[in-house]
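Take a look at the letters that make up each chain.
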Amino acid sequence: MPKLLALDTSTDACSVALYRDGEVKEDFRIIPRQHTKELLPMVQQMLADVDMKVSDLDAIAFGRGPGSFAGIRIATGAAQGLAFAAELPMLPVSTLAAMALQIHRSTGAAQVVTALDARMNEIYCCAYRFDNGLPVELMPETVCAPDALELPQIDGQWTVGGSGWCYLEAMSEAVQAAVALLPDSIYPAAQDMLTLAVKELEAGNTVAPEEALPVYLRDEVAWKKKDQQ
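Keep in mind that what you see is a predicted model, and the values were worked out from it rather than measured.

Caption draft 1: Structural context of the pattern of salt bridges. Counted by the stated rule, this structure contains 8 salt bridges. We note a salt bridge from R105 to D192, for which the minimum N-O separation is 2.7 Å. Taken together, the positions of R105 in helix α3 (residues 95–107) and D192 in helix α5 (residues 190–202) put the pair 87 residues apart, joining distant regions of the chain. Judged by relative accessible area, R105 falls into the partly exposed class, the value being 46%. Residue classification places D192 among the buried residues on the basis of a relative accessible area of 1%. Among the charged side chains, a salt-bridge network with shared partners connects D27, R29 and E38.

Caption draft 2: A look at the side chain of D27. Mapped onto the secondary structure, D27 falls in strand β3 (residues 23–30). Side chain to side chain, D27 and R29 meet in a polar contact 2.9 Å long. With near-sequence residues (within four places) excluded, D27 lies in contact with C14, S15, V16, M42 and M46.

Caption draft 3: Region of the structure containing the environment of D147. One can find D147 in the loop between β9 (142–144) and β10 (158–161). Overall, the relative accessible area of 57% leaves D147 in the exposed class. Remark: the alpha-carbon pair of D147 and A208, spanning 61 residues in sequence, is separated by 39 Å. Residues within four places of D147 in sequence aside, it is in contact with A170 and M171.

Caption draft 4: A look at the nonpolar core. Grouped together as the largest cluster of nonpolar side chains are 51 residues, with contacts concentrated most on L149 and W165. Among residues more than four places away in sequence, those in contact with W165 are V113, T114, A115, L149, V160, M171, V175, V179 and L181. Membership of the second largest hydrophobic core comes to 23 residues, among which are C14, L18, I31 and L57.

Caption draft 5: Up close: the pairing of strand β8 (residues 134–137). Looking at chain direction, strand β7 (residues 123–131) and β8 are connected through 4 bridges and run antiparallel. Within the sheet, the bridge partner assigned to Y128 lies in β8 and is E137. Turn length for the β7-β8 hairpin, with the two strands adjacent in sequence and antiparallel, is 2 residues, and the turn residue N132 shows positive phi of about 55°.

About the criteria used
- Residues numbered from 1 in each chain as written.
- Predicted model: local features only at pLDDT ≥ 70, side-chain atom pairs only at ≥ 80, totals over all residues.
- Heavy atoms only, no water.
- Salt bridge = Lys/Arg side-chain N within 4 Å of Asp/Glu carboxyl O.
- Helix = DSSP H or I, 4+ residues; strand = E, 2+ residues; numbered from the N terminus.
- Buried < 20%, exposed > 50% of the residue type's maximum accessible area, 1.4 Å probe, protein only.
- Polar contact = N/O pair within 3.5 Å; in protein donor to acceptor, adjacent residues only side chain to side chain.
- Contact = heavy atoms within 4.5 Å.
- Core = buried A, V, L, I, M, F, W, Y, C linked by side-chain atoms within 4.5 Å.
- Pairing = 2+ DSSP bridges.

Listed below in structure tokens is the structure:
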């Protein structure tokens, strides 16, 4: 069985997970603005607990976004550094897909929409159906104003979660009528990224560290901020 490490810092949550011998071990913490300080020590402790080195891994997965610009860069950079040093391939994983898998695991819902607060009165969003326990996109990942969100037509309701649903009242009546909102906060988690990464590894969908890029969705804003700096 493959040995995989996954990292995510795309939101206020910071998580590290290890897949080894078919079992998953995770360290998940809500630590806003502490990701840079805590992420690598979490990785080191995770590996030390099972007497492993980075070079013992088969690949490194990371939350490639969408999410916080700074947060995505932290996980991407840390994963790239580890992968370069150990000459390992990488597996970029969608934060929205990982959240959808978490919802599916906890509720059994087969039709899921996840959304993250993108700030500036916008959301990152994607809709999925589940096939054999894995999410299949029914729309492209998108960034849009809440009132511009349109969901695919389905039988029944969408089960939804994530910080972007704080804007539910600003969404259209059609969207509000089509969704069943989960009461608890949902964050992307490395544990769920591992499940998706294992399937990607089996399919041969790895990338070299220099090709492991974050996905912002709002690229023009990211470049504008970079130019201003």
